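As a plain string of letters, each chain reads:
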Amino acid sequence: MAAAAASTPQGVAERRGIPAAAFVEDVEAYLRQAGLEVNSALAFLQERLQQYKIVEMKLLAQQRDLQAKIPDIEKCLDIVATLQAKKDLGEALIADFELSEGIYSRAKIEDTDSVCLWLGANVMLEYSCDEANALLKKNLENAKASLEVLVADLQFLRDQQTITQVTIARVFNWDVHQRRSKQAVKET
């Protein structure tokens, strides 16, 4: 009976540290199994729902960061490809670059074998064009894979929020029904 009281979707206990919400089929058995009063169960479920929302906010921030990072990586790949193409043609590349906000300078880049990539945390390294191309492609693949995982995590999280909200409604409605039944028995 306890196994029928609550079940998790597809038997998943968690996904990347996000606990799966149990769908409650039999509220009375769920409360008995958990050893909770109705108000305690509702408080627990509300707290779990808030935890899911906090995790969702963090995942959405990570998703926004990755969605901003992917075009930057693609832009860097294009620039490295342009540098290599100009080198192969023996032409100089004329580029405008920003020195600071609103201040630009023009540069003539002739026959270069290396590029400097900003890695973050105040670190910039010089790579050959081929190494930079390989590194940027690897970073792009990793960013896209991370984005796919994040999207799947967000979908899992939304499913858990929905299950938790349904469970809250079921427990609340069960409690209302129980109170009305007791009130009806008292009146008769």
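- Under the annotation held in an unreviewed UniProt entry, the protein carries the name Prefoldin subunit 3 and is attributed to Miscanthus lutarioriparius.
- Per its UniProt entry, the protein bears the Subunit (unreviewed entry) comment "Heterohexamer of two PFD-alpha type and four PFD-beta type subunits."
- According to UniProt, the comment filed for the protein under the heading Function (unreviewed entry) is "Binds specifically to cytosolic chaperonin (c-CPN) and transfers target proteins to it. Binds to nascent polypeptide chain and promotes folding in an environment in which there are many competing pathways for nonnative proteins."

**A few points about the overall build of the protein**
Reasoning step 1: Each helix and strand in the protein was counted, giving four helices and eight strands.
Reasoning step 2: Relative to the 2.2 N^0.38 estimate, which gives 16 Å for 188 residues, the radius of gyration of the protein is 28 Å and therefore markedly larger than a compact globule would have.
Reasoning step 3: Dimensions along the principal axes, computed over C-alpha positions, put the protein at roughly 100 × 35 × 25 Å.
Reasoning step 4: Contacts in the protein between residues at least 24 apart in sequence constitute 60% of all its contacts with a sequence separation of at least 6.
Reasoning step 5: Accessible surface, the protein as shown: approximately 12,700 Å² in total, 53% of it carbon and sulfur.
Reasoning step 6: Treating the 22 positive side-chain charges of the protein as one cloud and the 28 negative ones as another, the clouds have centres 8 Å apart.

**Points about the pairing of strand β5 (residues 93-100)**
Reasoning step 1: Pairing of β5 with strand β6 (residues 103-109) involves seven bridges; the strand directions are antiparallel. When the bridges of β6 are listed, Ser100 appears paired with Ile103.
Reasoning step 2: Following β5, the chain reverses through two residues before pairing antiparallel with β6; Gly102 in that reversal takes a positive phi of roughly 80°.

**Looking at unusual backbone geometry**
Reasoning step 1: The backbone of Asp111 shows a phi angle near 30°, a positive value even though the residue is not glycine.
Reasoning step 2: Relative to the elements of secondary structure, Asp111 occurs in the loop between β6 and β7 (114-120).
Reasoning step 3: For Asp111, a relative accessible area of 59% gives the class exposed.
Reasoning step 4: The backbone of Ala121 shows a phi angle near 55°, a positive value even though the residue is not glycine.
Reasoning step 5: Following the sequence through the fold, Ala121 ends up in the loop between β7 and β8 (123-128).

**Let's talk about the nonpolar core**
Reasoning step 1: Formed by 27 residues in total, the largest nonpolar core has its most connected members in Ile18, Leu59, Val80, Val115, Leu117, Ala132 and Leu136.
Reasoning step 2: In terms of residue count, helix α4 (residues 129-187) provides more of this core than any other element does, 12 residues in total.

**Quick notes on the UniProt feature "coiled-coil region" (unreviewed entry) in the protein**
Reasoning step 1: In the UniProt entry, the feature "coiled-coil region" (unreviewed entry) is given for residues 133-160.
Reasoning step 2: Here residues 133-160 runs as 100% helix and 0% strand, with 40 Å between its end C-alpha atoms.

**Describing the packing of helix α2 (residues 27-34) against α4**
Reasoning step 1: Contact pair α2 / α4: the axes reach a minimum separation of 10 Å and the direction vectors enclose 100°. Between α2 and α4, the angle is such that the two are roughly perpendicular. Contact residues: Val27, Glu28 and Leu31 in α2; Arg170, Val171 and Trp174 in α4.
Reasoning step 2: Along the lines of polarity and charge, the residues of the contact of α2 with α4 split into four nonpolar, no polar and two charged.

**As for the side chain of Asp153**
Reasoning step 1: Considering the arrangement of structural elements, one finds Asp153 in helix α4.
Reasoning step 2: Under the relative-accessibility criterion, Asp153 is labelled buried at 1%.
Reasoning step 3: Discounting chain neighbours no more than four positions away, the residues touching Asp153 are Arg15, Arg16, Ile18 and Leu59.

Reading the values: rules and limits
- Residues numbered from 1 in each chain as written.
- Predicted model: local features only at pLDDT ≥ 70, side-chain atom pairs only at ≥ 80, totals over all residues.
- Heavy atoms only, no water.
- UniProt positions renumbered as here; feature names shortened; annotations may be inferred.
- Helix = DSSP H or I, 4+ residues; strand = E, 2+ residues; numbered from the N terminus.
- Rg over C-alpha atoms; globule rule 2.2 N^0.38 Å.
- Contact = heavy atoms within 4.5 Å.
- Areas by Shrake-Rupley, 256 points an atom, 1.4 Å probe, with all protein chains shown as cover.
- Lys, Arg positive; Asp, Glu negative; His and termini not counted.
- Charge placed at Lys NZ, Arg CZ, Asp CG, Glu CD.
- Pairing = 2+ DSSP bridges.
- Buried < 20%, exposed > 50% of the residue type's maximum accessible area, 1.4 Å probe, protein only.
- Core = buried A, V, L, I, M, F, W, Y, C linked by side-chain atoms within 4.5 Å.
- Axes fitted to C-alpha atoms, helices over the stretch in contact; angles between N-to-C directions.
- Parallel < 35°, antiparallel > 145°, perpendicular 65-115°, else oblique.
- Nonpolar A, V, L, I, M, F, W, Y, C, P; charged D, E, K, R; others polar.

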